[in-house]
Amino acid sequence: MRELVRKLTETYGPSGVEEQIRATIRAEVEPLADDVRVDPLGSLVAHREGSGEGKRIVLAAHMDEIGVMVTYVDEKGFARFTGIGGVRAINCVGGRVAFEDGTTGVLGVEEKRSDADKVPKFEQLYIDVGASSRDDCPVKVGDAAAFVRPFVAQGNRLIAKAIDDRVGCAVLIEALRRLKKTPHDLYFIFTTQEEVGLRGARTSVYGIEPDLAIAVDVTLTGDMPESKPMAVELGRGPAVKVQDGGMIAHPEVRDLLVQCAEKAKIPYQMEVLERGTTDAAAMQVVRAGVPSGCISIPCRYVHTPSEMVDEGDVENGVRLLLEVLQTA
Amino acid sequence: MILKDLSEAIGVSGEEGGVRAVLLDAVQGLADEVRVDTMGNVLAVKRGAGRDRMRVMVAAHMDEIGLMVVGHDSDGFLQVRAVGGIDPRLLPGTLFQVGSDHIPGVVGIKPIHLVEDEEEEKVAKIEDLVLDIGAKSKDEAKRLAPIGTYAAFTTRFRKRGRVVSGKAFDDRVGCAVLVELLRGERFRFDLHAAFTVQEEIGLRGARVAAYAIEPDCAFALEGTIADDIPKDKDVSPTTQMGKGPAITIMDRSVIADRRLVRLLTDTADEIGIPYQIKQPGIGGTDAGAIHQTREGVPSVTVAVPCRYIHSPVALLSLDDFENTVRLMREALSRLTRRTLSR
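Here the structure is a predicted model, which means the values were calculated and not measured.

Remarks on the interface of chain A and chain B
Here is step 1: Listed per partner, the contact involves 35 residues of chain A and 29 residues of chain B.
Here is step 2: Of the roughly 2300 Å² buried at the junction of chain A and chain B (both faces included), carbon and sulfur atoms supply 54%.
Here is step 3: Joining chain A to chain B, the criterion identifies 10 residue pairs in polar contact (both at pLDDT 80 or more).
Here is step 4: Only α2 (19-29), β1 (35-38), β4 (67-73), β5 (79-84) and α4 (199-208) of chain A provide two or more residues apiece to the side of chain A that touches chain B.
Here is step 5: If you tally residues by element for the side of chain A that touches chain B, the top one is α4 of chain A, at 5 residues.
Here is step 6: Taken together, the residues of the side of chain A that touches chain B sort by class into 12 nonpolar, 10 polar and 13 charged.

Written out as structure tokens, the structure reads:
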């Protein structure tokens, strides 16, 4: 699974430019599913048929990642940019980004700024791709780039960019791999454009009309020095979402996840996230409403190029998901 | 010129009747079916020439920003609030037409002779301004402009060479482009033209129009920001007037479908139409609502650059307007189901 997380996190795929990551995931799920399709907004839907007596269940993880987009190329060939999704300027300076064709850019900051002791604003940052003029600049307005950072496994910890939410994609793929017979009609959706507003999940679920939907995504933790209080820690198991900034998990789905964890003796923790949300928030209000919940993988440094999760939490996330699929 | 009639018509969000009348008249005979839906959108269908029943939605919004009367003070002045993105810096001294009788009203401002120094540097909030229709009493004000009365900008349309000026080019220019698209030959697919209401206050008309149309893909036509006035730093002008239609790749409401962006840029390159990519991350259009409809609709926005939108008067280049019509017509002529295959 470690190799799968490496492969997924190192693949390019900012919101709206998910072709490469979709192809990578497609290659993984194609041999495992009964059919695989791409929906109108680009989400990949892998369908595993049930025996007929179960429910129609959606499992969703988003394949897009945060990134940057070029807004202007100046006369000297430096590119200004804006964030795609929740990028923070404090995590940019000195970093590297890569465009779809592999072109690498360095993120620089204006030196002559009156508020140099403060966190820079996006307008004060630029991408340097080593060009010498606008004409020889290999990137143009509208081109999207993702952060660059190699995957590292150290002890039980996995460190990479885009663990949000490639680790969720890995959990889904691994569950699909290990899944034996199921009564349920299962739709494993790898959604697009989550980071810019849950846009792929909302439309994808409309087409499927499930009886139950579960998102697998990362959540924040409260276990770093001077971090804001939050009762989620790395290494204590996957988190069962109670609520976050965008949803209250359906109580029956929440309880189902807890019962499954208890029954299979899988460590778990309860999650209340004060800000931020997941695809589950969009899915639960599609059409007449879909009972929805979320299995969260605790993650430090979310939306930085070095997100960190515990490998045991990921493994237990797969086990919990499989348990649910054999119960629900 | 249809743009003149559309620009001078009144249609503040929620009361688009004036513009709707102009459009219903204009599309008469150009479309196979025309209807007005529950929200007030004008939906016109021009059937395809071929057998393919692919449904392509092209939307432009009819509504414009303005003011609404929310109260009357004892001296007969009107208290107002913004409908849509009104810039309070532009309000004092601006002339409006109030209600269906087009009563002239001016946003009250203290004569410059009486302004104190520090006052000069502040922007008054809309809550602190009044709209003055010259009413002598509260009762007269209530009678002439009851609560809920709309007020719109009054600017007349003008043309000088290839540049035109007028009000509400956002988005009457999009409406004008869409009328031109209906005017020409049939496309291979069914063209669903949607002239939408209430875009300026939350993309509300387009949402239900797209639900009803169930399109395979969609284009939103807009008048967008051209911020090409002099700047002290080498930064983006958002779009530039005279440099051709502006294609959106990402704004706050949508990430455009890449296949549709490619269709537009390939078409423009092939037949030599100038175009520009709008500065990403700015603004939002009906495409934001349309692409989130039902199972999702691949969407893109194409806009005519306009200087000073959301003010009483904007400027645009007729070259940009005509190039937008050409680009849309040529791109739609090349659009097939294969364009959307993955």
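Some words on a negative patch on the surface
Residues and elements named next belong to chain B.
Here is step 1: Among the surface-exposed residues, Glu116, Asp117, Glu118, Glu120 and Glu121 lie close enough to one another that they form a single negatively charged patch.
Here is step 2: Along the chain, the position of Glu118 falls in helix α3 (residues 117-120).
Here is step 3: A relative accessible area of 52% places Glu118 in the exposed class.

Points about the domain arrangement of chain A
All names here are of chain A.
Here is step 1: Each domain of chain A was delimited in the assignment, giving domain 1 (2-65 + 161-325) and domain 2 (67-147).
Here is step 2: For domain 1 versus domain 2, the distance between C-alpha centres works out to 31 Å.
Here is step 3: On the domain 2 side, the residues contacting the 14 residues of domain 1 number 13 residues.
Here is step 4: Buried area between domain 1 and domain 2, summed over both chains or domains, comes out near 1000 Å², and the portion from carbon and sulfur atoms is 59%.
Here is step 5: Run the count over domain 1 and domain 2 and you get 4 residue pairs in polar contact (both at pLDDT 80 or more).
Here is step 6: Residue classes in the side of domain 1 that touches domain 2 are distributed as 6 nonpolar, 4 polar and 4 charged.

Reading the values: the criteria
- Residues numbered from 1 in each chain as written.
- Chains lettered and ligands numbered in written order.
- Predicted model: local features only at pLDDT ≥ 70, side-chain atom pairs only at ≥ 80, totals over all residues.
- Heavy atoms only, no water.
- Contact = heavy atoms within 4.5 Å.
- Buried area = accessible area lost by both parts, 1.4 Å probe.
- Polar contact = N/O pair within 3.5 Å; in protein donor to acceptor, adjacent residues only side chain to side chain.
- Helix = DSSP H or I, 4+ residues; strand = E, 2+ residues; numbered from the N terminus.
- Nonpolar A, V, L, I, M, F, W, Y, C, P; charged D, E, K, R; others polar.
- Patch = residues over 30% accessible without salt bridge, like charges linked within 9 Å, V, L, I, M, F, W, Y side chains within 5 Å.
- Areas by Shrake-Rupley, 256 points an atom, 1.4 Å probe, with all protein chains shown as cover.
- Salt bridge = Lys/Arg side-chain N within 4 Å of Asp/Glu carboxyl O.
- Lys, Arg positive; Asp, Glu negative; His and termini not counted.
- Charge placed at Lys NZ, Arg CZ, Asp CG, Glu CD.
- Buried < 20%, exposed > 50% of the residue type's maximum accessible area, 1.4 Å probe, protein only.
- Domains from an automatic or database assignment.

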